[in-house]
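Survey of secondary and tertiary structure
Each chain, letter by letter, is given below.
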Amino acid sequence: MLLWLGFIACTAVIVYSGTRLSKYGDIIAEKTGLGRAWIGVVLMASVTSLPELVTGITSVTYANVPDIAVGDVLGSCVFNMFILAFLDAFYKPMPISTKANQGHVLSAGFGILLLSTIAFSLFAHSYIPAIWWIGAYSFCTLFIYIIAMRLIFYYEKRQMSKYLQEIAIETKYEDVTTRNAVLHYTINAFFVIIAAAFLPKIGEGIAEVTGLGQTFVGNIFIAISTSLPEVVVSIAAIKMGVIDLAVGNLFGSNVFNILILSLDDFFFTKGPILSFAAPQHIVSAISAIAMTIIAIIGLTYRAEKKPFYFMAWDSMGIVAVYIVNLMLLYRMR
């Protein structure tokens with residue numbers, strides 16, 4: 001009972017602060033002129049992924065369960081793409097992939113590159129050299145992340161000239177100063193981080209009662225718990241009509257999640273972290289790659305309407321992969 005009460009309390013805080021977080025993130029995007037896609041990829045994604053960071057560092061330092069850390073990151077990547085399909089069902093006017101900026105393909109592509117690096121490393125970790133106690137793949141993912149943020153930033157800056165007229169029309173926060181927006185964003189981000197930091201332990205406690213293994217628990221229960229901020233922030237952004245903020249947040253969270261895995265490797269001093277992870281995690285990595293590819297197809301094709309007015313074909317494909325991922329992980333637990 002206490003576990004469920006704690007879960008509900010944390011959820012309530014995240015719902016309230018997460019909603020305000022998306023609003024002030026949109027204001028910052030408007031005031032700074034950085035672009036909503038870049039704000040979604042960097043600012044929103046880093047804040048909503050901090051529960052994964054807290055969970056990962058705690059798992060490899062205090063709890064000594066690296067399998068939970070790896071499962072949390074890869075399971076969150078899978079769940080983030082599932083959220084994208086859920087948002088498509090939530091957004092009624094048209095397929096969300098049609099409304100979103102095609103520039104999100106850039107961050108999605110980097111997500112695939114990073115996930116592929118981890119999938120390859122999970123398969124061949126025994127042949128990959130370590131630098132001190134850290135796997136070489138962790139340095140590789142860190143390097144790719146820095147390049148990704150740089151390229152996405154410059155892409156957004158180049159795109160700004162094409163949308164100056166649109167931005168002038170959509171300006172709707174003239175009465176809010178940049179300083180006030182940043183202050184309120186920081187306060188609400190703090191509450192989201194604190195509340196979400198309690199969720200992994202609560203989810204782990206609930207999962208232990210079921211007797212499932214660490215790989216399944218990390219990929220499903222803990223991943224869903226730590227991905228709750230992405231759900232709340234993305235839904236709030238959709239309600240505000242800021243599609244690019246929601247989509248950018250999800251693709252950006254996947255990029256940031258792989259960075260978290262490399263940081264976990266730095267804190268895990270027993271050796272390269274993937275050497276201590278179960279091989280079943282490859283299923284989640286490949287599932288996340290497949291779901292991201294389907295999302296890219298949707299962003300590129302840009303269907304005009306949804307079949308049965310419910311969900312676009314690309315979103316249905318994402319849901320299908322998610323279900324297969326769940327079934328395989330359960331059978332391999």
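Bear in mind the structure is a predicted one, so any value in this text is a computation, not a measurement.

This part is about empty space enclosed by the protein. Applying the stated criterion across every chain, the model contains three cavities of 30 Å³ or more. The calculated volume of the largest cavity comes to roughly 50 Å³. Every residue lining the largest cavity is listed: Leu84, Ile96, Ser97, Ala100, Val247, Phe251, Ala295, Leu299 and Asp314. Those elements giving two or more residues to the lining of the largest cavity turn out to be helix H5 (96–99), helix H12 (243–267) and helix H13 (281–301). Across the lining of the largest cavity, the residue classes break down as seven nonpolar, one polar and one charged. By volume, the second largest cavity is sized at about 40 Å³.

A full pass over the atoms with the stated rule returns one salt bridge. Note that lysine 306 is salt-bridged to aspartate 88, the shortest N-O span being 3.7 Å. Linking lysine 306 in the loop between H13 and helix H14 (313–331) with aspartate 88 in helix H4 (residues 66–90), this pair joins segments that are 218 residues apart in sequence. Overall, the relative accessible area of 7% leaves lysine 306 in the buried class. We classify aspartate 88 as buried; its relative accessible area is 1%.

What follows deals with the side chain of serine 121. With respect to the helices and strands, serine 121 occurs in helix H6 (residues 104–124). With near-sequence residues (within four places) excluded, serine 121 lies in contact with Ile128, Tyr137 and Leu274.

Each aromatic ring pair is characterised by the separation of its centres together with the angle its planes make. This structure, assessed with the given rule, holds eight aromatic pairs. For the ring pair phenylalanine 268 and phenylalanine 276, a centre distance of 5.1 Å and an interplane angle of 80 degrees mean the geometry is edge-to-face. Every member of this aromatic cluster is reached through a ring pair, and the members are Phe79, Phe82 and Tyr322.

What counts and what doesn't
Residues numbered from 1 in each chain as written. Predicted model: local features only at pLDDT ≥ 70, side-chain atom pairs only at ≥ 80, totals over all residues. Heavy atoms only, no water. 1 Å grid on protein atoms, 1.4 Å probe; cavity = no way out; pocket = protein on both sides within 12 Å on 5 of 7 lines; lining within 4 Å. Points joined across faces, edges and corners; volume = space filled by probe spheres on them. Helix = DSSP H or I, 4+ residues; strand = E, 2+ residues; numbered from the N terminus. Nonpolar A, V, L, I, M, F, W, Y, C, P; charged D, E, K, R; others polar. Salt bridge = Lys/Arg side-chain N within 4 Å of Asp/Glu carboxyl O. Buried < 20%, exposed > 50% of the residue type's maximum accessible area, 1.4 Å probe, protein only. Contact = heavy atoms within 4.5 Å. Phe/Tyr/Trp six-rings, centres within 6.5 Å; stacked < 30°, edge-to-face > 60°.

No statement about biological role is implied by the geometric values presented.
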